[in-house]
Amino acid sequence: MGATIDALTAEDLLAARAVLAEACRFDRAAEVAEEKLFGPSPHGHPVALAARLGGAVVGVAAACCDRVRVLAVATAARGRGVGSALLAACEQHVWAGAHRRVRVLDEPGNYLAPGVDLDNHETIAWLGRRGYVRRDEHENLVVDLIDNPRVSPARAAELADGCAARGYTIRRACLDELEAISAHVSIGFGGAWPFEIERAATRAPCGLFVAERDGRVAAFAAHDGNNRGLGWFGPAGTWPEHRGQGLGEALLIACLVDVAATHARSEIAWIGPREFYQRALGPMTTRRFAVLTRDAPHRRATLPPAMR
Ligand SMILES: CC(C)(COP(=O)(O)OP(=O)(O)OC[C@H]1O[C@@H](n2cnc3c(N)ncnc32)[C@H](O)[C@@H]1OP(=O)(O)O)[C@@H](O)C(=O)NCCC(=O)NCCS
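Residues numbered from 1 in each chain as written. Predicted model: local features only at pLDDT ≥ 70, side-chain atom pairs only at ≥ 80, totals over all residues. Heavy atoms only, no water.

**Q** Describe the domain arrangement of the chain, and please don't skip the residues or the numbers.
**A** Domain boundaries in the chain define domain 1 (4-133) and domain 2 (143-290). Across the boundary between the two partners, domain 1 contributes 23 residues, which contact 15 residues of domain 2. Summing the contributions of domain 1 and of domain 2, the shared interface buries around 1,700 Å²; its carbon and sulfur component is 58%. Broken down residue by residue, the surface that domain 1 buries against domain 2 is led by Tyr111, Pro114 and Leu118, which jointly contribute 32%. (Domains from an automatic or database assignment. Contact = heavy atoms within 4.5 Å. Buried area = accessible area lost by both parts, 1.4 Å probe.)

**Q** Hey, could you go over the site of the ligand for me, with residue numbers and the actual values?
**A** The environment of the ligand is made up of 18 residues, and the closest members are Val73, Gly79, Gly81, Ser84 and Arg129. Here an oxygen atom of the ligand sits 2.5 Å away from a polar atom, N or O, in the side chain of Ser84. Between Arg129 and the ligand, the recorded distance is 2.7 Å, taken from a side-chain N or O atom to an oxygen atom. Within the complex, the protein chains bury 71% of what would otherwise be the 950 Å² of accessible surface of the ligand. Counting only elements with at least two residues in the shell around the ligand, the list comes to strand 4 (67-73), helix 3 (82-96) and helix 4 (121-128). Top element by residues in the shell around the ligand is strand 4. It accounts for 4 residues. Of the residues in the shell around the ligand, the class split is 8 nonpolar, 6 polar and 4 charged. (Near = heavy atom within 4 Å. Polar contact = N/O pair within 3.5 Å; in protein donor to acceptor, adjacent residues only side chain to side chain. Areas by Shrake-Rupley, 256 points an atom, 1.4 Å probe, with all protein chains shown as cover. Helix = DSSP H or I, 4+ residues; strand = E, 2+ residues; numbered from the N terminus. Nonpolar A, V, L, I, M, F, W, Y, C, P; charged D, E, K, R; others polar.)

**Q** Quick one: what's the story with the packing of helix 6 (residues 178-188) against helix 7 (residues 193-201), residue by residue and with numbers?
**A** A pair of packed helices is characterised by two quantities: the angle between their axes and the separation of those axes. Packing of helix 6 against helix 7 brings their axes to within 8 Å, and their N-to-C directions diverge by 155°. Viewed along their axes, helix 6 and helix 7 adopt a mutual orientation that is roughly antiparallel. Crossing of helix 6 against helix 7: the hand is right-handed. Each of Leu178, Ile181, Ser182, Val185 and Ser186 in helix 6 lies in contact with helix 7, whose residues at this interface are Trp193, Pro194, Ile197, Glu198 and Ala201. Here the residues of the contact of helix 6 with helix 7 are counted per class, giving 7 nonpolar, 2 polar and 1 charged. (Axes fitted to C-alpha atoms, helices over the stretch in contact; angles between N-to-C directions. Parallel < 35°, antiparallel > 145°, perpendicular 65-115°, else oblique. Left-handed = near helix turned anticlockwise from the far one by under 90°.)

**Q** A description of helix 5 (residues 153-165) should follow, citing residues and the corresponding values.
**A** With 13 residues, helix 5 should cover 18 Å at 1.5 Å per step; its first-to-last C-alpha distance of 18 Å lies within 8% of that length. Considered for burial, the residues of helix 5 that qualify are Arg155, Ala156, Leu159, Ala160 and Cys163. One side of helix 5 holds all its buried residues, which, seen down the axis, span an arc of 135°. Seen from the open side of helix 5, the exposed residues pointing more than 90 degrees away from its buried face are Pro153, Ala154, Glu158, Asp161 and Ala165. (Expected span 1.5 Å × (residues − 1). Buried < 20%, exposed > 50% of the residue type's maximum accessible area, 1.4 Å probe, protein only. Arc of directions from axis to C-beta.)

**Q** Outline the pattern of salt bridges, supporting the account with residue identities and numerical values.
**A** Within the structure shown, the criterion is met by 22 salt bridges. Among the ionic pairs, Arg294 bridges to Glu91, the shortest N-O distance being 2.8 Å. Of this pair, Arg294 sits in strand 13 (residues 285-295) while Glu91 sits in helix 3; the two residues are 203 residues apart in sequence, bridging distant segments of the chain. The shortest N-O distance in the salt bridge between Asp258 and Arg172 comes to 2.9 Å. With Asp258 in helix 8 (residues 247-260) and Arg172 in strand 8 (residues 169-172), the pair connects residues that are 86 residues apart, well separated along the chain. (Salt bridge = Lys/Arg side-chain N within 4 Å of Asp/Glu carboxyl O.)

**Q** Hey, could you go over the environment of Gly83 for me, with residue numbers and the actual values?
**A** Tracing the sequence through the fold places Gly83 in helix 3. Judged by relative accessible area, Gly83 falls into the buried class, the value being 12%. Taking C-alpha positions, Gly83 is 7.5 Å from Leu71, a pair spaced 12 residues apart along the chain. If near-sequence neighbours (up to four positions away) are discounted, Gly83 is found in contact with Leu71, Val73 and Trp126.

**Q** Tell me about unusual backbone geometry, and name the residues and values.
**A** Pro205 follows Ala204 through a cis peptide bond whose omega is -5°. Here the amide bond leading from Gly234 into Pro235 is cis, since omega sits at 0°, within 30 degrees of zero. Positionally, Pro235 belongs in strand 11 (residues 233-238). For Asp214, which is not glycine, the phi dihedral falls at a positive 50°. Mapped onto the elements of the fold, Asp214 is located in the loop between strand 9 (208-213) and strand 10 (216-223). The class for Asp214 is exposed, based on a relative accessible area of 72%.

**Q** Can you lay out the side chain of Ser266 for me, pointing to particular residues and giving the numbers?
**A** Note on placement: Ser266 falls in strand 12 (residues 265-268). Of note is the side chain of Ser266, whose polar atom sits 2.7 Å from the backbone oxygen of Gly231. Excluding residues within four positions of it along the chain, Ser266 makes contact with Leu141, Val142, Val143, Leu145, Gly231, Trp232, Phe233, Leu256 and Val259.

Have a look at this one:
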């Protein structure tokens, strides 16, 4: 008997979490199951799918916009076409949205990881056999927070003092200024960042920090803006006219000290300036991810009857 594919509902969350915990060896998918399967991104809400065998959830997937956000099948149910059926259903959702290319995982604003972990050879090969090609790579840096002399309240205070000497205050943001900061970030940086800082700021305690001078926000940094609850760092940005003053480093350490209260490590996700992070934090482990895409199958052009 083949699996049936239908909508994953809120009542399935526990079962879905169990599938993710068992199936996803490379990502902490179960801990962020609700955000990945049902949570919005700047592009809207995903379609969440369940594969059921004999009524039990054996596979889950979510697709949003042009991305397959997550896809997993319990090991005992593998090799029977369940993953292929879920992937095909995700692709149908993407093609129905008039996108011509589907990508796996790296959905701005709501990503389990910025691509498939390069160590996840089996899944990369499996996607390859289904027409997916590697287009790009992204990196996360993993920072150890236990007994790390570079991530201590003393260093955070020292860096904040240095900024204060240059006229900047480093502080945690307040909820009542979130709208203004978000609009400012939207104009200065755009993309998914306003969405992510809102997710970071609306947790307790607020995961958004700012550098302020003369009542204006000059830089910001956030943690738990994506994968809320995992303690990941990002996004962060300093407005061009305030760069080179140590604001980024002071905000990075302020965020990581916050994360260290509840986590043993943090991931700096989808990094841009690797040198900046290495200067601030020293040697770190790197995780690398493949961005995999597949183009929509070509539709045969059909001429209207009068032109045949
Ligand atoms: C990748 C993954 C989803 C595949 O799930 P699956 O259910 O085993 O997938 P399928 O059964 O469709 O495909 C597996 C093999 O079984 C074969 N198969 C067996 N019976 C089949 C059937 N009745 N219909 C179709 N395929 C069948 C397929 O041909 C395929 O072999 P191939 O890749 O050489 O063509 C699963 O391995 C998984 O959950 N991996 C970990 C999760 C993960 O890393 N996800 C990415 C991040 S979210």
